[in-house]
Amino acid sequence: MKTPDSRFYCPLISVGTIILDENESSHAVRVCRAVNGEILQLCDGLGHYADATITKADAKACEVRVDKVEDAPLKRPRLNLGIACLKDDALEEVVFHAAQTETDSVIFLRTDYSQEPKNSDLKKTVRRAELKSLVSLKQSKKPWMTRIEGPIEFAEWLSQYKGDLILCDIDGERKLDLGLGESSANGNAAGGSIANENAAPITLLVGPEGGFSPREIEAIKSFKNGKVHLLNLGNTRLRARTAAIIALGKVL
């Protein structure tokens, strides 16, 4: 039987009979026109996959049978993106693109120059960003869904964080060799990077339009709970949403 060229999200994959939620059921049956006996590729965003045979092609409650659950060959990514809160739909746009890459989490940071209303809890933005991350998980066919965290005050986040930092800075290096793209199916990496569960996390920091404030930059450069790397993004001035994606491309 053919397999629709798409992954379907199932947060609790297990051997046996599973009923997909209405959104995934509708996508499989109405959009992909899947019928009984066809195979769906399931993922849970937590490093597990399964091929599932459709036993009841119901657009509201598609029933599938799973015979085997497989673990992804790659460990959870180390790289995170910390980005200042932006106005309009900029955060959602960043998440949509970043979540297609091997980025573990996107953290919304409230900085001195953040552009969102200070009394906003950003609940709707966070929820929409989570949905963007889910769409990107299925589209990119990666094993780990990018988590959305925050919003949180930058100073508070920095005081709690333990790991390495990358700051986009005009005085930084044009390229950083952090070994984040090196991995293999047996879990060993030449540089001990993404496949090393004991390696420190790395967070790429991108400020708002206008950048981080002087005091925030000083706090980052004097950070003591990990290494601090400076990354140069080029000779032109970039919008914050553009800088985030360019920076990820340089690091990954």
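Residues numbered from 1 in each chain as written. Predicted model: local features only at pLDDT ≥ 70, side-chain atom pairs only at ≥ 80, totals over all residues. Heavy atoms only, no water.

Caption draft 1: Just unusual backbone geometry, in detail. Omega for the bond connecting Gly150 with Pro151 falls within 30 degrees of zero, at 5 degrees, which places this linkage in the cis form. Structurally, Pro151 can be placed in strand E8 (residues 147-153). Of note in this structure, Arg33 is not a glycine but carries a positive phi near 55 degrees. Here Arg33 shows up in the loop between helix H1 (22-31) and strand E3 (39-43). The backbone phi angle of Asp88 is positive, close to 60 degrees, even though this residue is not glycine. Given a relative accessible area of 63%, Asp88 falls into the exposed group. (Helix = DSSP H or I, 4+ residues; strand = E, 2+ residues; numbered from the N terminus. Buried < 20%, exposed > 50% of the residue type's maximum accessible area, 1.4 Å probe, protein only.)

Caption draft 2: How the structure looks around the sheet that holds strand E4 (residues 48-56). Strand order in the open sheet made by the 5 strands is E1-E3-E4-E5-E2, with mixed pairing throughout. Each end of this open sheet is capped by a strand with a single partner; those strands are strand E1 (7-9) and strand E2 (16-19). Adjacent strand axes in the sheet meet at a mean angle of 45 degrees when their direction is disregarded. Both E4 and strand E5 (residues 63-71) contribute to a ladder of 7 bridges, which runs antiparallel. Across the sheet, the residue bridging to Ile54 is Val64, located in E5. H1 rests against E1 and E3 of the sheet, and its axis sits at about 155 degrees to E1. Relative to the sheet, helix H3 (residues 123-140) contacts E1 and E3, its axis offset from that of E1 by approximately 145 degrees. (Pairing = 2+ DSSP bridges. Axes fitted to C-alpha atoms, helices over the stretch in contact; angles between N-to-C directions. Contact = heavy atoms within 4.5 Å.)

Caption draft 3: Seen up close, the pairing of E4. Both E3 and E4 contribute to a ladder of 5 bridges, which runs antiparallel. Bridge pairing in E4 links Gln41 to Asp51. Linking E3 to E4, which pair antiparallel, is a turn of 4 residues; within it Gly45 sits at a positive phi near 75 degrees. Following E4, the chain reverses through 6 residues before pairing antiparallel with E5.

Caption draft 4: Representation of the pattern of salt bridges. All chains considered together, the criterion is met by 11 salt bridges. Taking the shortest distance from any N to any O, the salt bridge between Arg147 and Asp104 comes out at 2.7 Å. Of this pair, Arg147 sits in strand E8 while Asp104 is found in the loop between helix H2 (90-98) and strand E7 (105-110), placing the two residues 43 residues apart along the sequence. A residue is classified by how much of its surface remains accessible, and Asp104, at 9% relative accessible area, is buried. In this structure, the salt-bridge partner of Asp112 is Arg215, at a minimum N-O distance of 2.8 Å. Taken together, the positions of Asp112 in the loop between E7 and H3 and Arg215 in helix H5 (residues 214-221) put the pair 103 residues apart, joining distant regions of the chain. Owing to a relative accessible area of 33%, Asp112 belongs among the partly exposed residues under this scheme. (Salt bridge = Lys/Arg side-chain N within 4 Å of Asp/Glu carboxyl O.)

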